[in-house]
Amino acid sequence: MALPQLPHGNRDLTVITEHGAKLLPSVEVDSYNLEIRDEDGFVGDRASNRAFRSIIDEWREPLRKLGADPLGDAPTEEVSKKKLDALLADGDPEAAGLVHSAIEAFAQELDHVIRRFLKSAPWRDTQAIVIGGGFRQSRVGELAIGRTSVLLKAGGTNIDLSLIRNHPDEAGLIGAAHLMPSWTLEGFDGILAVDIGGTNIRAGVVETNLKKSSKLDKAKVWKSELWRHGDEKTKRDEAVDRLIEMLVDLIKASEKEKLNLAPVIGIGCPGLIRPDGSIETGAQNLPGNWETKTFNLASALREAIPEIGNHETAVVMHNDAVVQGLSELPVMRTYDHWGALTIGTGLGNVRFTTRRERS
């Protein structure tokens, strides 16, 4: 597909074929995948799903020695989020107290992490932060984030902390529609989107609904497929083959329902994304080696799916925290400087500056 030239007055806009772009249609990406170190290692590691589970383990250890662990013999990693939510709401007071203790300890860690980010040059003057990722999709996660907001304000940091509104699985797809100018999507009903994480790979069709809003405010997930690669011993090429199968199935489903797809695949993936679509660093939680220069996911997908409809396929790839954060553009565009954190296998991060229309 030959992409049209940019309209006059917008020639500084990054073309949609560049991956990991700093300049996007509605925002400038000031920083993403920022890694801050202290004496204990990467600061972000203190606010992840793994960190929360470690905190629960720390609280359980002295209780185990007394034979009074309210969670019994179950390993912490096998206690589901639903189980923790249930203990918090209706469980034995001691079990609920254990979960509350972990929430408070995690909130203090997240408070520390956010303060460290706000002191860094790329995050200065940040007015608001939205938080997503799998941890957010639980009552335990919501309370930990709410408690963090209280700690920040009590400590003199006046920042708006909120939850990403869409389910994290859908936010990671919806945000892909914001990677490219809306005029490249005109005349189409939706796009293919991919969200690659340390545990799951999700592919879906995002209905853009441009007739209702040219700013993609009404974009929504029409259909999606999920594969938990974390449950299997999967090699990288096997993961790519599975992803291709998911995308082909979604294309067939769209054709059956006469949903006209734009010839674009938007991808959110962990790590620092080079302009050519290869991954520089940060993909260590994915199956196999995704960081070698000889591997390029965008090229692999274009080769496997050379056309969508009657047009050549274009692939646009960016960091997964960037893409999930972009899903919040409809409510965050009132801020000049805002960020997003995704709490999952690791802690994803991005800081945006909203681009204002020229007068």
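Rules behind the numbers
- Residues numbered from 1 in each chain as written.
- Predicted model: local features only at pLDDT ≥ 70, side-chain atom pairs only at ≥ 80, totals over all residues.
- Heavy atoms only, no water.
- Helix = DSSP H or I, 4+ residues; strand = E, 2+ residues; numbered from the N terminus.
- Rg over C-alpha atoms; globule rule 2.2 N^0.38 Å.
- Contact = heavy atoms within 4.5 Å.
- Areas by Shrake-Rupley, 256 points an atom, 1.4 Å probe, with all protein chains shown as cover.
- Buried < 20%, exposed > 50% of the residue type's maximum accessible area, 1.4 Å probe, protein only.
- Arc of directions from axis to C-beta.
- Salt bridge = Lys/Arg side-chain N within 4 Å of Asp/Glu carboxyl O.
- Pairing = 2+ DSSP bridges.
- Axes fitted to C-alpha atoms, helices over the stretch in contact; angles between N-to-C directions.
- Expected span 1.5 Å × (residues − 1).
- Polar contact = N/O pair within 3.5 Å; in protein donor to acceptor, adjacent residues only side chain to side chain.

Asks: Sorry, what's going on with the overall build of the chain here?
Replies: Per the secondary structure count, the chain includes nine helices and 16 strands. Against the globule reference of 21 Å for 359 residues, the chain gives a C-alpha radius of gyration of 21 Å, in line with a compact fold. For the chain, the proportion of contacts with a sequence separation of at least 24, taken over those separated by at least 6, is 70%. For the chain, the accessible surface area stands at approximately 16800 Å², while carbon and sulfur atoms represent 46% of it.

Asks: Whenever I open this one, helix H2 (residues 81–90) confuses me. Can you help?
Replies: It helps to recall that an α-helix has 3.6 residues per turn; residues three or four apart then point in one direction. What H2 keeps buried is the set Leu 84, Asp 85, Leu 87 and Leu 88. Angular distribution of buried residues about the axis of H2 spans 160°; they occupy a single face of the element. Exposed side chains of H2 directed beyond 90 degrees from the buried face belong to Lys 82, Ala 89 and Asp 90.

Asks: Please explain the pattern of salt bridges as it appears in this structure.
Replies: Between side chains of opposite charge, a pair can form when the charged atoms approach closely. Per the counting criterion, the structure on display carries 17 salt bridges. For the salt bridge of Glu 28 with Lys 22, the shortest nitrogen-to-oxygen distance reads 3.5 Å. Residue class for Lys 22 comes out partly exposed when judged on its relative accessible area of 45%. Among the salt bridges present, the one from Arg 147 reaches Glu 104, with a minimum N-O distance of 2.7 Å. A residue pair is termed long-range when its members are at least 10 positions apart, and Arg 147 in helix H4 (residues 139–154) and Glu 104 in helix H3 (residues 93–119) qualify at 43 residues.

Asks: Would you mind showing me how to read the pairing of strand S14 (residues 314–319) here?
Replies: Regular strands have side chains that alternate between both faces of the sheet. Judged by how many residues are buried, S14 sits mostly within the fold: six of six residues are covered. Bridge count between strand S9 (residues 261–269) and S14: six bridges; the pairing is parallel. What sits directly across from Val 264, in S14, is Ala 314.

Asks: Looking at this model, I keep getting lost on the sheet that holds strand S1 (residues 27–32). Mind explaining?
Replies: Here five strands make up an open sheet; going across it, the order is S1-S16-S15-S4-S5 and the pairing mixed. Strands at the two margins of the open sheet, each flanked by one partner only, are S1 and strand S5 (160–163). This sheet shows a mean twist of 25° between the axes of neighbouring strands, independent of strand direction. In terms of strand pairing, strand S4 (residues 128–132) meets S5 through four bridges, oriented parallel. Bridge pairing in S5 links Ala 128 to Asp 160. Running at roughly 140° to strand S15 (residues 337–343), H3 makes contact with S4, S5, S15 and strand S16 (347–354) of the sheet. Strand contacts of H4: S4 and S5, with the helix running at about 175° to S5, the strand carrying the most contacts.

Asks: I keep staring at H3 and nothing clicks. Help me out?
Replies: An ideal rise of 1.5 Å per residue puts 39 Å on 27 residues; H3 measures up with 39 Å between its terminal C-alpha atoms. In this structure Asp 92 caps H3, since a side-chain oxygen of it lies 2.8 Å from the backbone nitrogen of Glu 94.

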